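Architecture at a glance
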Amino acid sequence: MFLMEMNLLNLFGALMISGTPAIAEELIYLHCKGDLSSKVANTDTSEIIQQNKGRQSKTYIIDPQRRMVMVKGGQWLNAEMIDGVLSSTGRSGQGFSTSEEIIRMSFDPVGEYTYAQRIRQRNITMEIDVMGTCHEVDSSSL
């Protein structure tokens with residue numbers, strides 16, 4: 001009886017270990033680059049405090065099965081996936097300090113993406129907008 005239980009445990013363990021890579025292979029890794037513009041403003045006076053332009057480069061991990069996305073090193077966000085386009089909105093903070101980010105990207109086929117973030121702290125807002133393209137990368141290159 002004991003020997004049979006051990007064999008079943010070993011078999012179960014082997015199945016769990018062999019199943020792990022298949023789960024990891026279902027993730028999609030996209031490296032996205034785009035043109036960034038940002039603006040910091042005082043909402044009370046409408047004064048623009050600072051404006052910048054630059055480039056953004058981020059790696060996103062998509063889990064199509066769970067319908068989730070995250071920036072490499074970040075937290076998973078719920079996502080909607082319709083006709084090969086991923087859309088995700090994340091909100092954090094409350095009261096005087098809030099942040100909202102919106103990600104939208106083509107992942108089937110891989111292509112264009114947009115990213116927008118709005119941060120508000122009391123009467124100061126920062127708006128970040130990015131437009132660019134993504135390409136699929138192998139997880140081993142990360």
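The structure under discussion appears in the preceding block.
Take the overall build of the protein next. Secondary structure summary: the protein contains one helix and nine strands in total. Taken from N to C terminus, the helices and strands of the protein fall in the order α-β-β-β-β-β-β-β-β-β. For the protein, the proportion of its 142 residues judged to be buried stands at 30%. The contacts in the protein between residues at least 6 apart in sequence include a share of 42% that link residues at least 24 apart. Total accessible area on the protein is roughly 9800 Å²; 54% of this is exposed by carbon and sulfur atoms.

According to the stated counting rule, one finds four salt bridges in the structure shown. Here Asp35 and Arg55 are joined by a salt bridge, their closest N and O atoms 2.9 Å apart. Of the two residues, Asp35 sits in strand β1 (residues 28-42) while Arg55 sits in strand β2 (residues 48-63), which places them 20 residues apart along the sequence. Its relative accessible area of 57% is what places Arg55 among the exposed residues.

Looking now at the layout of surface pockets. For the largest pocket, the calculated volume is near 160 Å³. The wall of the largest pocket is formed by Lys58, Met70, Val71, Gly74, Gln75, Leu77, Glu101 and Ile103. Residues belonging to the lining of the largest pocket are distributed by class as follows: four nonpolar, two polar and two charged.

So, about the state of the cysteines. Per the counting criterion, the structure on display carries one disulfide. Residue pairing for Cys32: its cysteine sulfur links by disulfide to Cys134, the two sulfurs lying 2.0 Å apart. Judged by the torsion about the S-S bond (100°), the Cys32/Cys134 disulfide is right-handed. Note that Cys32 is positioned in strand β1 and Cys134 in strand β9 (residues 124-136), a separation of 102 residues in sequence. The buried category is assigned to Cys134, whose relative accessible area is 9%.

As a further point, take the side chain of Gln117. Here Gln117 is to be found in strand β8 (residues 110-121). Classification of Gln117 as buried rests on a relative accessible area of 16%. In this structure the side chain of Gln117 is engaged in a polar contact, spanning 3.2 Å, whose partner is the side chain of Ser99. When neighbours within four sequence positions are excluded, Gln117 is seen to be in contact with Ser99, Glu100, Glu101, Met126, Glu127 and Ile128.

Our focus in this paragraph is the packing of aromatic side chains. What the rule picks out here adds up to one aromatic pair. The ring of Tyr115 carries the charged tip of Lys58 above its face, separated from the ring centre by 4.3 Å. Directly above the ring of Trp76 sits Arg66, whose terminal nitrogen or CZ lies 5.1 Å from the centroid.

Basis of the calculations
Just so you know, the residues in each chain are numbered from 1, in the order the chain's sequence is written. Only residues with pLDDT of at least 70 are given local features in this predicted model, and only at 80 or more are side-chain atom pairs given and counted; all residues enter the totals for whole chains, interfaces and linings. Computation of side-chain values covers all heavy atoms of the structure but excludes hydrogens and water. The secondary structure listing takes helices from DSSP runs of H or I that are at least 4 residues long and strands from runs of E that are at least 2 residues long, numbered from the N terminus. For the exposure calls, accessible area comes from a 1.4 Å probe over protein chains only, and a residue counts as buried if that area is under 20% of its type's maximum, exposed if over 50%, partly exposed in between. Every residue pair with non-hydrogen atoms within 4.5 Å of one another is taken to be in contact. The accessible surface values rely on the Shrake-Rupley method and a 1.4 Å probe; as for residues, cover is taken only from the protein chains in view. The salt bridge criterion pairs a side-chain nitrogen of Lys or Arg with a carboxyl oxygen of Asp or Glu, the two atoms within 4 Å. Points on a 1 Å grid, built from protein atoms alone, make a cavity when a 1.4 Å probe fits but cannot get out and make a pocket when they are open with protein on both sides within 12 Å along at least 5 of 7 lines; residues with an atom within 4 Å of a point are the lining residues. Grid points are joined across faces, edges and corners, and a volume is the space filled by probe spheres set on the points. In this classification, Asp, Glu, Lys and Arg are treated as charged, Ala, Val, Leu, Ile, Met, Phe, Trp, Tyr, Cys and Pro as nonpolar, and every other residue, Gly included, as polar. Put simply, a disulfide is two cysteine sulfurs that come within 2.5 Å. By the criterion applied in these results, polar contacts are pairs of N or O atoms within 3.5 Å in which, for protein atoms, one can donate a hydrogen and the other can accept it, and in which residues neighboring in sequence qualify only through two side-chain atoms. Planes of paired rings set the category: under 30 degrees apart is stacked, over 60 is edge-to-face and the rest tilted, where pairs are Phe, Tyr or Trp rings (Trp by its six-membered ring) whose centres lie within 6.5 Å. Working rule: Lys NZ or Arg CZ, within 6 Å of ring centre, within 35 degrees of ring normal, means a charge sits over the ring.

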